[in-house]
Amino acid sequence: MSRKTLLRAGPLWQGGESPYGPIGQPGPVGGLALPAGFGGRVVARSGHKVAGLTWHAEPDGGACFPDGAGWIYVSNSGLSLVGGASALRFRSGGSIGDAYRILSGTELNRSGGATPWHSWLSCELGPRGRVFECDPYGTRAARPRLTMGRFKHQAAACDPERQVVYLTEGERDGCFYRFRPEDWGDLTEGTLEVLCASGAWEPVPSPAALLKGTRHQVRGARRFDGGDACHYAGGVCFFTTRGDGALWAYDARTSTLDRIAFGGVAGTVAITSAPSGDLYLARRGGRIDVVTPDRTVAPFLRLDGPAGAEPTGLAFTPGGDRLYFSARRGRAGSDTFEVTGHFRDA
């Protein structure tokens, strides 16, 4: 988690100078163009074997977890009927030691979020989608967390200071939620709340109701045009809305919500942060931008190749020295990348 964060008010500034310098020419690895001093490789390819596992199609949300001297990268699959999630286990030197499924029998697992107790929340985007808590280490079965609501879940982000989980909803009139568990670290029971236009959080009476959707149960609930990516860092929950291309910042310390960008960062489909306090935004069209604490936005990498490439699943290793993401390229297939280089220190 970032030890710094962006200022809590004011716009982002497009066209800033990247702390890593200009992007170079595309290299031989998947059309990946990077700044000088950075390198990349494909660690998994949809439909191909990796450590004995056939890597899933439509890779989406992802996260990294510590694993002794190594680490694990988890990735969702956004397929219908056969979605779920898979994991790659890396040795300390970066070689892949194992690959395995951590969730099966679900569908449209687009995004999710990591918890502080090292589990992965995999979210279903179906009309009555569920949140599944999964074990990245592959030893415990995944479990549905129905009290977190049955709706078109997109992403989740944990706030350990207030001990809540923020949730976005992929509807054109969707809401922004937070789940308050009875015991932090156990998501079995708790209260689902929705952000209202007044700025207050109100409990949703029936989170798993069959007939009345969660977004219609609380009068005065605030509406958002297609909630999408979601990430918590340093007291702020950042989230995007797909329909209007806005980037929002909910300051949990002051309970205020600001739209910090509109249009200029349209198409943001994933967000993560680095120990430096920089945010990284994955954009439709095959670009990842870096947003520095002074609020300037600059390109970090570019994917050349088939039009419409969509980077997803941004995640740094626990040490902050490697960045993982996947790129969906339609019929051209999907790749999962690793980027290494001298990322800025905190």
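A quick note: this is a predicted structure, and the numbers were derived from the prediction, not measured. (Residues numbered from 1 in each chain as written. Predicted model: local features only at pLDDT ≥ 70, side-chain atom pairs only at ≥ 80, totals over all residues. Heavy atoms only, no water.)

K.L.:
An account of the overall build of the protein chain is needed here, citing residue identities and associated values.
P.N.:
When helices and strands are tallied, the protein chain shows zero helices and 29 strands. Its C-alpha atoms give the protein chain a radius of gyration of 19 Å, within 12% of the compact-globule value 20 Å for 346 residues. Each of the three principal axes of the protein chain carries a C-alpha extent, and together these read 55 × 45 × 35 Å. Each of the 346 residues in the protein chain was classed as buried or not, and the buried ones make up 56%. In the structure as shown, the protein chain presents an accessible area of about 13,600 Å², 49% of it carried by carbon and sulfur atoms. (Helix = DSSP H or I, 4+ residues; strand = E, 2+ residues; numbered from the N terminus. Rg over C-alpha atoms; globule rule 2.2 N^0.38 Å. Buried < 20%, exposed > 50% of the residue type's maximum accessible area, 1.4 Å probe, protein only. Areas by Shrake-Rupley, 256 points an atom, 1.4 Å probe, with all protein chains shown as cover.)

K.L.:
For the packing of aromatic side chains, give the residues involved together with the corresponding values.
P.N.:
Per the counting criterion, the structure on display carries 27 aromatic pairs. Judged by centre distance (5.3 Å) and plane angle (25°), the ring pair of Tyr73 and Tyr324 falls under stacked. Note that Tyr73 is positioned in strand β7 (residues 70-77) and Tyr324 in strand β28 (residues 322-328), a separation of 251 residues in sequence. With a centroid separation of 5.8 Å and 10° between ring planes, the pair formed by Tyr166 and Phe176 is classed as stacked. Residue Tyr166 is found in strand β15 (residues 164-169), and its partner Phe176 is found in strand β16 (residues 176-183); the two are separated by ten residues along the sequence. Accessibility classification places Tyr166 together with Phe176 in one group, the buried group. Through a chain of ring-to-ring contacts, three or more aromatic side chains come together here, namely Tyr166, Phe176, Trp201, Phe224, Tyr232, Phe239, Trp248 and Tyr250. (Phe/Tyr/Trp six-rings, centres within 6.5 Å; stacked < 30°, edge-to-face > 60°.)

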